[in-house]
Amino acid sequence: GIAGPISIYGGAITVNQNLNTSTAATASAVMLKGRGNISLASGKSITTNGGAVTFWSDSDGNGTGYVQMLTNSSVSTSGGNITMSGGSNLATGYAYGYGTSYTTEQGVNIDTYSTVNAGTGSVTLRGATSASTNDYIIGLRISGAGVSVTGGNLSFVGNASTAVSQLNRGAWGVAVINGASVTGS
């Protein structure tokens, strides 16, 4: 692991390797801030020992920049806060899904067998979508077997008010579906 904080800034960010700051003497944070999309690749992890983890997509506020955790990825902080959001103001904005493709439509997507574990830390997930697809359109999607979100205080905010479900399957702000679990204290 890295004995210090990790900060990555850019356009689109794809994390294709594990990030680990748990060997640091003090709680070291991980910040991923991109003007576009942020993806944690399948089977990859971000681990801290009390440090916060932040996924900040669409930081330029133009409405295109999702956050996704692909199959079997994980974020674990041992008490640090976890935030997945976006826009020019992280506290009030959204990670934003867009377009006409299933792979870009959710603002925040936590996929099959992925885990988010903040221990006693808070978990804040803010996702919106303006997508137009033949599918269910969801701002914040927590979905699939083995998916779990665990933390102290949990805050989930989703918005699909401008989305268009072309086959009228529905536009949802927040969905915890298909066997996913959420646990807060």
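See the structure above.
Right, let's walk through the structure included here. Just so you know, these numbers come straight off a predicted model, no measurement behind them.

Ordered by their spatial adjacency, 6 strands build an open sheet running 2-5-8-12-16-20, and the pairing between neighbours is parallel. The open sheet has two edge strands with one neighbour each: strand 2 (13-15) and strand 20 (171-177). Mean inter-strand twist for the sheet, computed between neighbouring axes without regard to direction, equals 10 degrees. Strand direction decides the pairing type here: strand 8 (residues 67-69) and strand 12 (residues 108-110), joined by 3 bridges, are parallel. Looking across to strand 12, one finds that Gln-68 is bridged to Asn-109.

This part covers the sheet that holds strand 6 (residues 45-47). Pairing in this open sheet of 6 strands is parallel, and the strands run 3-6-9-13-17-21 from one edge to the other. The open sheet has two edge strands with one neighbour each: strand 3 (19-20) and strand 21 (181-184). Inspection of the sheet shows strand 17 (residues 148-151) paired to strand 21 by 4 bridges, in the parallel sense. When the bridges of strand 21 are listed, Ser-148 appears paired with Ser-181.

Where burial is concerned, most of strand 7 (residues 53-57) is hidden: 5 out of the 5 residues are buried. Residues Val-53, Phe-55 and Ser-57 point to one face of strand 7 and Thr-54 and Trp-56 to the other, with burial holding for every one of them. Looking at chain direction, strand 4 (residues 30-34) and strand 7 are connected through 4 bridges and run parallel. Following the sheet pairing, Leu-32 is matched in strand 7 by Phe-55. The pairing of strand 7 with strand 10 (residues 82-86) spans 5 bridges and is parallel. Bridged to Thr-54 within strand 10 is Thr-83.

What follows concerns the pairing of strand 10. Counting buried positions along strand 10 gives 5 out of 5 residues, so the element sits mostly inside the fold. The alternating pattern of strand 10 places Ile-82, Met-84 and Gly-86 on one face and Thr-83 and Ser-85 on the opposite face, and all of these are buried.

In this structure, Ile-46, Phe-55, Val-75, Met-84 and Ile-110 are the most contacted members of the largest nonpolar core, which totals 28 residues. Residues contacting Ile-46, with those up to four places away along its chain left out, are Leu-19, Val-30, Leu-32, Leu-40, Val-53, Phe-55, Ser-74, Val-75 and Ser-76.

How each quantity is defined
Residues numbered from 1 in each chain as written. Predicted model: local features only at pLDDT ≥ 70, side-chain atom pairs only at ≥ 80, totals over all residues. Heavy atoms only, no water. Pairing = 2+ DSSP bridges. Helix = DSSP H or I, 4+ residues; strand = E, 2+ residues; numbered from the N terminus. Axes fitted to C-alpha atoms, helices over the stretch in contact; angles between N-to-C directions. Buried < 20%, exposed > 50% of the residue type's maximum accessible area, 1.4 Å probe, protein only. Core = buried A, V, L, I, M, F, W, Y, C linked by side-chain atoms within 4.5 Å. Contact = heavy atoms within 4.5 Å.

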